[in-house]
Every structure is written in C-alpha cells, then in structure tokens.
Amino acid sequence: MNGTIRVGNLFGIPFYIHPSWFLVLGLVTWSYSSGLGAQFPQLSAGLALVLGLMTALMLFASVVAHELGHSFVAIRQGIDVKSITLFIFGGLASLEKESKTPGEAFWVAIAGPLVSLLLCGIVTGVAVTTTASGPLAAILGVLASVNLALALFNLIPGLPLDGGNILKAIVWKITGNPYKGVTFASRVGQIFGWVAILSGVLPLLLFGNFGNFWNLLIGFFLLQNAGNAAQFARVQEKLTGLTAEDAVTQDSPIVSGNLTLREFADERVISGQNWHRFLVTDDDGQLVGAIAVDNLRTIPTALWSETQVKEVMRPITESTTVQSDQPLLEVMQLLEQQKVSVLPVIRENGVLVGILEKAAIIQLLQSRTQPNPA
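Residues numbered from 1 in each chain as written. Predicted model: local features only at pLDDT ≥ 70, side-chain atom pairs only at ≥ 80, totals over all residues. Heavy atoms only, no water.

1. Some details on the sheet that holds strand 4 (residues 90–95)
Strand order in the open sheet formed by four strands is 1-2-3-4, with mixed pairing between adjacent strands. Each edge of the sheet is formed by a strand with only one pairing partner; in this case those strands are strand 1 (5–10) and strand 4. Averaged over neighbouring strand pairs, the angle between their axes works out to 25 degrees when direction is ignored. (Pairing = 2+ DSSP bridges. Helix = DSSP H or I, 4+ residues; strand = E, 2+ residues; numbered from the N terminus. Axes fitted to C-alpha atoms, helices over the stretch in contact; angles between N-to-C directions.)

Structure (structure tokens):
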C-alpha cells in the first residue's frame, strides 16, 4: 500500500502505518515531554520523555478508536474493511464499498466522531471522579481535549472529512442521488481547503509568521482529496446503469478449441490480427481456456496440423472472469484491484461474450462526456 508498513491486524482488520506517522509521533512526544517538564520541574528529563511518549501513543490510540468506530458500523452493514492506516493527518479506514442507503452512510460517517466524543467524556469523567492531580491530570486533560478536537474537526461539513460524508448522506437523502451528495460535499471541502490555505498563507506573507503553517498543509490535503472525490463521483455517475457487456470489445480475440494449430495460425495470427492472446471456447461457446501466440513455439511446426488448440490452451479460473450483467463500476474496481487491463466477460451459463479492456471503459467514459451534436 503506497509505502505504508503493515504492523498486524486489529479485530481482523489489516493495520498499516505510513512512515510519516513516526515523524509525527516523535514531534508529539517531544512537544508533550517538553510541556510536562516545564509545567512540572520536579520531573526528571527521562520521566518526562516517557510520559510524553505515553501521551503521544494514547493520542494515536484515540485516532485508531475513531477509525474503528467507522469500521465496526460498516462491518455491521456487511461492508468489508480493507485496512486502517495511520498517516500524518490522522487515520483512514478503507472500506470495500459504499453503504446502500443514505441512512446507512450517515451512521458510518458519524460513528467516528461519536467515538471521539465518548472518549472525551470518559477521560473527563475519570479526571473528575478520581480527582487526579499533577502530571496525570495534565495528561488526562490533553487526551480529553484532543478527542474533543478530533471530533469537532472531523465534523467540518466537507469531504474528505466525516462531516463531509454526513453532508453527502443528507444531500443523497434529499435528492435521491448519491453522486450529487459527493459533488456538493466535495465543493464544500474545497472551500474549507482554500480557507485553511489562506489562513496559513496570509500571516506568513503579511507578518512572516509560520504559526499557521499546519493550516496550509491541511488546506492542501482537503483540496486534493475533495477534488479526487468529486472526480471519482463523476466517473461513478457516468458508469451508472452500464454493465460489463456494454464495454465488451468488438471482434474480441476468440477461437474455437477444435481448430488445429495450423488453422489457428493461418486464420488468426498470419492473417494480421494483432492480438497476442486468444480466448478459447467449446462447441457450446463456453469459455474453456486461453492460448497465447507464443504457445505455438512449444509445438513443432510439423505437428500443427494434427494438434488442436484445446490441447495447448491453458485453463482460465472463474475468479479471472466477470459476469456480463455485472455493473461496469464494479468491473472497473476489479481491474484496479487485480492490477490487470483485460478480463473475459461471460454470461450466467458460461457462454463467452468477449473481452473487456480498461481502455474500452475509458473510451466509453469519454464518449459519454462529450456533448451530443446539435
């Protein structure tokens, strides 16, 4: 996963850490240990450092709990959680798919902030009921305030933040169109991104003050991710209603398994077709395997006239095919996940329809984007 380090599983969910997290962990540890040392001079430098590290780890544990809140609600809706990743701006729970209804999407989005608010309440309750004092009281105060800030920050109503996903669910509910919800919440996220950038740039330009530099980074983060969400929503909307069969390549490279290698070479290879791999069907048109042009080299030329394609072909597993009525958006995601550019398309009875290429999906998107001539 793009430079991240897998450190194990959390409740069966793969858990990753981005290398930038270690930098943030060091900075937070140093900051809080320095603060504790200044606030409580009686603490030794070593003890202050240990307490600072413990505080930093508990803060990141709060971020993980926030993401687990999203994850558990998604799992209850039957949505697989592919991973949880800690990175420089916090955490991210990567979900297999979107919720089916705006109501379900709302609860997935709000679960994280609710967990953070709950942690804030619990930590505050512990601090009050135990009459904690000294460094312990300071650490509890930091944990409570950070969880409150984490909840409030994520409730900003713009993607990619939780508040943006809540706004998306609300617009989806009102309009009945999930993509309009994404588009609207993305625009709001971009507005907040520009506001954050300005709040970081203006003090820097006017006063040479770097105090709001973090706002600048957050602003760029919001702008980039909100823009990506809007772009993906537009792609999703254009693919809505289309199936795998709609993007099948015309004159797909298909041959009968009963052909001899000589017939295959004459009709398909020497005739000028540029395909390097062909799908093989039986008498009923069902997909049974594939043969590559290079496979011909494994058989002596003298035997081509008596050797059939089905004797040389390699079988194709069901996991490498897609159903003809499968939504095209799911197929596009499958191509990305399997890191392939071509997949065979079959009907429910196993009859081969043809091949689906990633390039064909892109071409189809472009054709649906172009305005119709007057």
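2. What to know about helix 5 (residues 162–175)
For helix 5, built from 14 residues, the straight-helix expectation of 20 Å at 1.5 Å per residue is met to within 8% by its first-to-last C-alpha distance of 20 Å. Residues of helix 5 that are buried make contact with helix 2 (45–76), helix 3 (102–129), helix 4 (134–154) and helix 6 (178–207). (Expected span 1.5 Å × (residues − 1). Contact = heavy atoms within 4.5 Å.)

3. Here's the deal with the nonpolar core
Counting residues in each nonpolar core, the largest one holds 33 residues, and the members touching the most others are Phe15, Trp21, Leu36, Phe60, Ile84 and Leu86. When contributions to this core are tallied by element, the ones reaching two or more residues are strand 2 (13–17), helix 1 (20–39), helix 2, strand 3 (81–87), helix 3 and helix 4. (Core = buried A, V, L, I, M, F, W, Y, C linked by side-chain atoms within 4.5 Å. Buried < 20%, exposed > 50% of the residue type's maximum accessible area, 1.4 Å probe, protein only.)

4. Quick notes on the packing of helix 7 (residues 213–239) against helix 10 (residues 328–338)
Between helix 7 and helix 10, the shortest axis-to-axis distance is 8 Å and the interhelical angle comes to 130 degrees. Taken together, the axis directions place helix 7 and helix 10 in an arrangement best described as oblique. In contact with Phe232, Val235, Gln236 and Leu239 of helix 7, helix 10 contributes Leu328, Leu329, Met332 and Gln333. Residues of the contact of helix 7 with helix 10, tallied by class, amount to six nonpolar, two polar and no charged. (Parallel < 35°, antiparallel > 145°, perpendicular 65-115°, else oblique. Nonpolar A, V, L, I, M, F, W, Y, C, P; charged D, E, K, R; others polar.)

5. Here we look at the pattern of salt bridges
For the structure on display, the rule yields four salt bridges. The salt bridge partner of Arg347 is Glu245, with a shortest N-O separation of 2.9 Å. Of the two residues, Arg347 is situated in the loop between strand 9 (342–346) and strand 10 (352–357) and Glu245 in the loop between helix 7 and strand 5 (254–256); the sequence distance between them amounts to 102 residues. With relative accessibility at 35%, the residue Arg347 sits in the partly exposed group. (Salt bridge = Lys/Arg side-chain N within 4 Å of Asp/Glu carboxyl O.)

6. Quick look at the packing of helix 3 against helix 4
The packing of two helices is summarised by the inter-axis angle and the distance between the axes. Running from amino to carboxyl end, helix 3 crosses helix 4 at an angle of 160 degrees, the nearest separation of the two axes being 8 Å. Viewed along their axes, helix 3 and helix 4 adopt a mutual orientation that is roughly antiparallel. Between helix 3 and helix 4 the crossing geometry is left-handed. Here Pro113, Ser116, Leu117, Leu119, Cys120, Val123, Thr124, Val126 and Ala127 of helix 3 lie close against helix 4, whose contacting residues are Leu140, Leu143, Ala144, Asn147, Leu148, Leu150, Ala151 and Asn154. Across the contact of helix 3 with helix 4, the residue classes break down as 13 nonpolar, four polar and no charged. (Left-handed = near helix turned anticlockwise from the far one by under 90°.)

7. What about the pairing of strand 3?
For strand 3, a buried count of six out of seven residues is recorded, marking the element as mostly surrounded by other parts of the structure. In terms of strand pairing, strand 2 meets strand 3 through three bridges, oriented parallel. Note that in strand 3 the partner of Phe15 across the bridge is Ile84. As judged from the six bridges shared by strand 3 and strand 4, these two strands associate in the antiparallel manner. Across the sheet, Leu86 pairs through a bridge with Gly91, a residue of strand 4.

8. Comments concerning the pairing of strand 9
With four of five residues buried, strand 9 lies mostly within the body of the structure. Pairing of strand 8 (residues 322–323) with strand 9 involves two bridges; the strand directions are parallel. Paired with Gln323 across the two strands is Ile346, which belongs to strand 9. Counting the residues in the hairpin turn of strand 9 and strand 10 gives five residues, including Gly350, whose phi is positive at 90 degrees.

Everything listed here is a matter of geometry and, on its own, says nothing about what the molecule does.
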